[in-house]
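# An overview of the molecular structure
One letter stands for each residue in the lines below.
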Amino acid sequence: MTDLDQLESQSVYILREAFNRIDRLAALWSIGKDSNVLLWLARKAFFGKVPFPVVQLDTGMELPEVYEFRDMVTRDWGLDLVIEQCPPESEMDPTLPPATRAAARKTEGLKNLLRREQYQGIMVGIRRDEQATRAKERVFSPRALDGAWDFKDQPAEFWDHYKTRFAEGTHVRIHPLLHWTELDIWRYSKREEIPIVPLYFAREGKRYRSLGEKNITFPVDSSAASIDEIISELEVTRTPERAGRSMDNETEDAFERLRSSGYM
Amino acid sequence: MSPLLPASQRRQARIVIVGHVDHGKSTLIGRLLNDTGSLPDGKVEAVREMSRRRGMPFEWSFVMDALQAERDQGITIDTTQIHFKTERRPYVIIDAPGHTEFLKNMVTGASNADAALLVIDAGEGALEQSRRHAYLLHLLGVKQVAVIVNKMDMVDFSQARFDHVAAEIRAYLNGIGVAPGVILPISARHGDNIASRSENLSWYDGPTVIEALDGFLPAAPEDELPLRLPIQDVYKPDERRILAGRIETGRLRVGDTLHFAPNNRTAKVVSIEAWNAASAISAAAGQSVGITLDQRIFVERGHIASLPAERPIEAHRLTVRLFWLASKPLETGRAYTLKLATAEHRVTVEKIVEVVDIDDLGVSAADRVGRNEIANVVLHSRSLVAVDLAIDLPRTGRGVLLDGHDVVGGFIVTGADAVAERNLQRVEHAVSPDERALSNGHRGAVLWLTGLSGAGKSTLAMGLERTLFERGRQVYVLDGDGVRQGLNGDLGFSPADRSENIRRVAEAARLFAEAGMIVVTALISPTRQDRAKARAIGGDLFHEIHVKAELDVCEQRDPKGLYRRARAGEIPEFTGVSAPYEEPQAAELVVETGRLGIEEAVGELVGYAERVTGLKYPSDAVQGRGEGI
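What comes next is a walk through the structure. (Residues numbered from 1 in each chain as written. Chains lettered and ligands numbered in written order. Predicted model: local features only at pLDDT ≥ 70, side-chain atom pairs only at ≥ 80, totals over all residues. Heavy atoms only, no water.)

## Quick look at the overall build of chain A
This is how it is decided: For helices the rule is a DSSP run of H or I covering at least 4 residues; for strands it is a run of E covering at least 2, with both sets numbered from the N terminus onward. C-alpha atoms define the radius of gyration in this analysis, and the globule rule sets the expected value at 2.2 Å times the number of residues to the power 0.38. Burial here depends on accessible area, computed with a 1.4 Å probe over protein chains only, as a share of the maximum for the residue type. Under 20% is buried, over 50% is exposed, and the range in between is partly exposed. Working rule for contacts: check all heavy atoms of both residues, and any pair within 4.5 Å makes them a contact. The sign given to each residue is positive for Lys and Arg and negative for Asp and Glu; His and the chain ends receive no count. All charge positions are set by atom: Lys at NZ, Arg at CZ, Asp at CG, Glu at CD.
Of regular secondary structure, chain A possesses 7 helices and 8 strands. Its C-alpha atoms give chain A a radius of gyration of 17 Å, near enough to 18 Å, the size a compact globule of 264 residues would have. With respect to the three principal axes, the spread of C-alpha positions in chain A is 50 × 50 × 35 Å. Looking at chain A as a whole, 63% of its 264 residues qualify as buried. Summarising the internal contacts of chain A: among those between residues at least 6 apart in sequence, 74% fall at separations of at least 24. Placing the 38 positive and 45 negative side-chain charges of chain A at their respective mean positions leaves the two points 2 Å apart.

## With respect to the packing of aromatic side chains
Keep this limit in mind: A pair of aromatic rings is counted whenever rings of Phe, Tyr or Trp (Trp by its six-membered ring) have centres within 6.5 Å, and the orientation is called stacked for planes under 30 degrees apart, edge-to-face for over 60 and tilted otherwise. Charge-over-ring placement is defined geometrically: NZ (Lys) or CZ (Arg) within 6 Å of the ring centre, and within 35 degrees of the ring normal.
Summed over all chains, the structure comprises 20 aromatic pairs over all chains. Arranged with centres 5.3 Å apart and planes meeting at 80°, the rings of W186(A) and Y200(A) form a pair that is edge-to-face. In this pair, W186(A) sits in helix 5 (residues 182-192) while Y200(A) sits in the loop between helix 5 and strand 7 (206-207), placing the two residues 14 residues apart along the sequence. An identical accessibility class is assigned to W186(A) and Y200(A); each is buried. Among the aromatic residues, those joined into a ring-pair cluster are F19(A), F46(A), F47(A), F52(A) and Y235(B). Residue placement shows R48(B) over the ring face of F58(B); its charged tip is 4.2 Å from the ring centre. The aromatic ring of F493(B) is capped on one face by R484(B), whose charged end is 4.0 Å from the ring centroid.

## Thoughts on the sheet that holds strand 4 (residues 115-121) of chain B
Residue and element names in this part refer to chain B. As a reminder, the rule being used: In this description, strands pair whenever DSSP reports at least two bridges between them. Helix axes use the C-alpha atoms of the stretch in contact, all axes being lines fitted to C-alpha atoms, and the angles between their N-to-C directions lie in the range 0 to 180 degrees.
The strand order across the open sheet formed by 6 strands is 2-3-1-4-5-6, and the pairing between neighbours is mixed. Looking along the sheet, the strands with just one partner apiece sit at the ends: strand 2 (80-85) and strand 6 (183-185). Within the sheet, the average angular offset between the axes of one strand and its neighbour, ignoring direction, is 25°. Here strand 5 (residues 144-150) runs beside strand 6; their pairing, made up of 3 bridges, is parallel. Within strand 6, the residue paired with V149 across the bridge is P185. Sheet strands touched by helix 6 (residues 159-175): strand 4, strand 5 and strand 6. Its angle to strand 6, the strand with the most contacts, is close to 155°.

## Section: the sheet that holds strand 2 (residues 54-58) of chain A
All names here are of chain A. Spatially, 3-2-1-4-6-5 is the arrangement adopted by the 6 strands of the open sheet, whose pairing is mixed. Only two strands of the sheet have a single partner each, and these edge strands are strand 3 (81-85) and strand 5 (140-143). Strand-to-strand twist in this sheet, taken as the mean axis angle between neighbours without regard to direction, amounts to 30°. Across 4 bridges, strand 5 lies against strand 6 (residues 171-174) in antiparallel orientation. By the bridge assignment, R143 is partnered in strand 6 with H171. Along the sheet, helix 3 (residues 64-77) makes contact with strand 2 and strand 3, crossing strand 2 at roughly 165°.

## Regarding unusual backbone geometry
That bond from A261(B) to P262(B) is cis: its omega, 0°, falls within 30 degrees of zero. Following the sequence through the fold, P262(B) ends up in the loop between strand 10 (257-261) and strand 11 (265-273). Even without being a glycine, E193(A) presents a positive backbone phi close to 55°. By the element assignment, E193(A) lies in the loop between helix 5 and strand 7. Residue E193(A) is classed as exposed on the basis of its relative accessible area, which comes to 68%. We note that N276(B) has phi near 60°; this positive angle belongs to a residue other than glycine. Looking at the secondary structure, you find N276(B) in the loop between strand 11 and strand 12 (282-284). A relative accessible area of 46% means that N276(B) is categorised as partly exposed.

## A look at the nonpolar core
Rules: Among buried residues, the Ala, Val, Leu, Ile, Met, Phe, Trp, Tyr and Cys ones that are joined through side-chain atoms within 4.5 Å form a nonpolar core.
One finds L15(A), F52(A), M123(A) and I174(A) to be the most contacted residues of the largest nonpolar core, which totals 84 residues. Once you skip the residues sitting within four places of it in the chain, M123(A) turns out to touch L15(A), A18(A), L25(A), A26(A), A27(A), L28(A), L38(A), F52(A), I174(A) and P176(A). V18(B), V44(B), V165(B) and I183(B) belong to the second largest nonpolar core, which has 83 residues in total.

## Re the interface of chain A and chain B
Threshold: What gets called buried area is simply the loss in accessible area from a 1.4 Å probe that two parts show on being joined, summed for both. Just to be clear on terms, a salt bridge is a Lys or Arg side-chain nitrogen sitting within 4 Å of an Asp or Glu carboxyl oxygen. Each polar contact in these results corresponds to two N or O atoms within 3.5 Å; when the atoms are within protein, one needs to be able to donate a hydrogen and the other to accept it, and residues that are neighboring in sequence are counted only if both atoms are side-chain atoms.
The partner chain B presents 74 residues to the 51 residues of chain A that form the contact. Interface of chain A and chain B: buried area, both sides summed, is about 5500 Å²; carbon and sulfur atoms make up 50% of it. Considering only the surface of chain A that becomes buried against chain B, F47(A), K136(A) and W159(A) emerge as the three largest contributors, covering 17% of it. For the salt bridge of K104(B) with D153(A), the shortest nitrogen-to-oxygen distance reads 2.5 Å. The interface formed by chain A and chain B contains 28 residue pairs in polar contact (both at pLDDT 80 or more). Of all the secondary-structure elements, those providing two or more residues to the side of chain A that touches chain B are helix 1 (3-21) and helix 2 (33-45) of chain A. With 11 residues, helix 1 of chain A is the largest single contributor of residues to the side of chain A that touches chain B.

Laid out in structure tokens, this is it:
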């Protein structure tokens, strides 16, 4: 087994655990490189068909290429797509810094979705290497009904025994890609020929390394115009992945505040 | 520097860093990241700026502690994972908290590590928490351990001090069966012996921390062990019926005959299914697979597939070495859900054999296991558990206990009473008495309580029922008043009717006992003749227990006011007053309630009941197999 085989196998194991143990399950799809891999792995785990709804938390602020890609993949992969319109920025906590406030719209959209659809489990394609608070996550991470993450009292994960039983009023975030790195995602996408939003490839010296809403995400300097070039770039870069994400960098704990109140 | 490994072996190594709080784990990691050039640009400057703003001296550990609360308190609360690479291969470093109260998080961080660094303060030596972490690493199956003696700068880089600390921890590790790869002196704060050799430690000629990391071997492949494929789920995407699961050990091939435990079915592998990939003819340990079989046998989540010649043990009773996480202690008689691979079983704690003292590795008897303690415990499951000993197959020889929604402990299996051949005595019933006994964890019995009115029969019966129930026994009280309201509602109190009452109760009690239950009856049953008849009905299952108190004591108690009414002549033929009570001459047990308090009396009864209904197993004498882990 190669290291990619091992990562794939572990993620498939987690997806199957979630599907078996959690009654009402959905996956978040941001249409970015990670959640594309997540859905691809679900097709592997369940032999071709993603057996749960796939949710886009839509702020209306995605780039046009993202919407185009979404519609193409939804059709080609036969996804059961649910589009959740997020509430406007004017309804967000005014004490948050501006970009963080814009990002909080997705948290609120998710809460609305959970209230309405009563999902017990939400799968999310986050990775530990993306951001320091994500490095603290569990594979199965319980949340209060309001989405709050109690990072000081997380369940024990002994070997592969995840927490899959919950009291009324809680739900669980499942993170099948937690252990992957950015480089793994690209190497795997290349190996499996997974379709990619073209915004990740450099045009005129810039590319998106992390894809988010157009008002709070910015392309970074890069000349990597193919997956191979991206892989070569990542092997040497010392620029953090989320450098182009405004909300991470506004205040010392902006992202921590977002995450403990329910952000992905 | 070690040369780059060939690409095939350049798999990421997962290294957990453990040790007592303040012994310098996070500082070491901060240093490792910095000295290998793994920190993103601007990170050190940002942390320096943050420290300046807060008026705190710069610490390398701030690079690691991600949460506001961690920076505020200067401690690591939760486990975190950081990626970095040496010239040889990539690593993920798992920083596990040192505080006792976050031991749960330490376990989470360490349970999937390939190797560990155990960090010890040169000045303080291996404190209790360091020892506890070392023991847990061992329990979790982390076999490669390097010991880092940190803060050598605080002891003037003294070789004598290092030798002392090294000898102490080596002795401890040897005591739990761990051979540390290296023991090396460093100063994380100043960077001595992290990425490069230090002048201050010129007397030391072993590896640096980076070299020690690069010296760890990748996890050994488990393909050569016996096949274990625990079933996760069964999918029917189309006309196929696919069994899904991850191969924990061994390998399987198309055409292999598989045995499924514990439901004891076999079938042949027809295909190994895959989506968007060529279909394979074999698969091995670590792979998540889907297989189809040549027969539609009953298989579900929790079953374990193996090759017929190398099946797992099937047992009702397991001896485990347990690490307890919950604040509510584990106690004898409590019921939990046992999770092993993908199977779940309801179990009761039959016996706490001993609790392990982390400091001197001594053991002591206990009736409860507290939070963060390690103990050897016997668990009993009503359903048959397919299991391996951890010493043979760690991945199917370990599991967790759940209490309600929560994982409250983890364990490795050190002993299992195999059920050798099943269905041997399937004669009249589909289920034999032995099978019932194995399933229940005890035999059935009729405990026939006899004695004067007011002697305490009903009180003792109820106390006995409660206690046995809480200890996981199948128990039921057939109370005299109760049966007279239903089963024997047609009977009065004439001598003939009283005799018939006893006969029917004895018959009903025997049926319950044959069904595997411990039945307790509470009837005065005053005559030897009636009790002899009951004994004849109950046979070997029958135990006569005399609940004995002097007449005047009973009359004083007079719980139902019957003595007062009998003395007043309102009740004719009242036992002890106007009718005789014939004391048993050879009761199996006499409980003197005139002398004993209720709790003592119940205690005697419980002890007797457990003695006569308990199963005799080899493990009663030998406290678990497999001394090592």
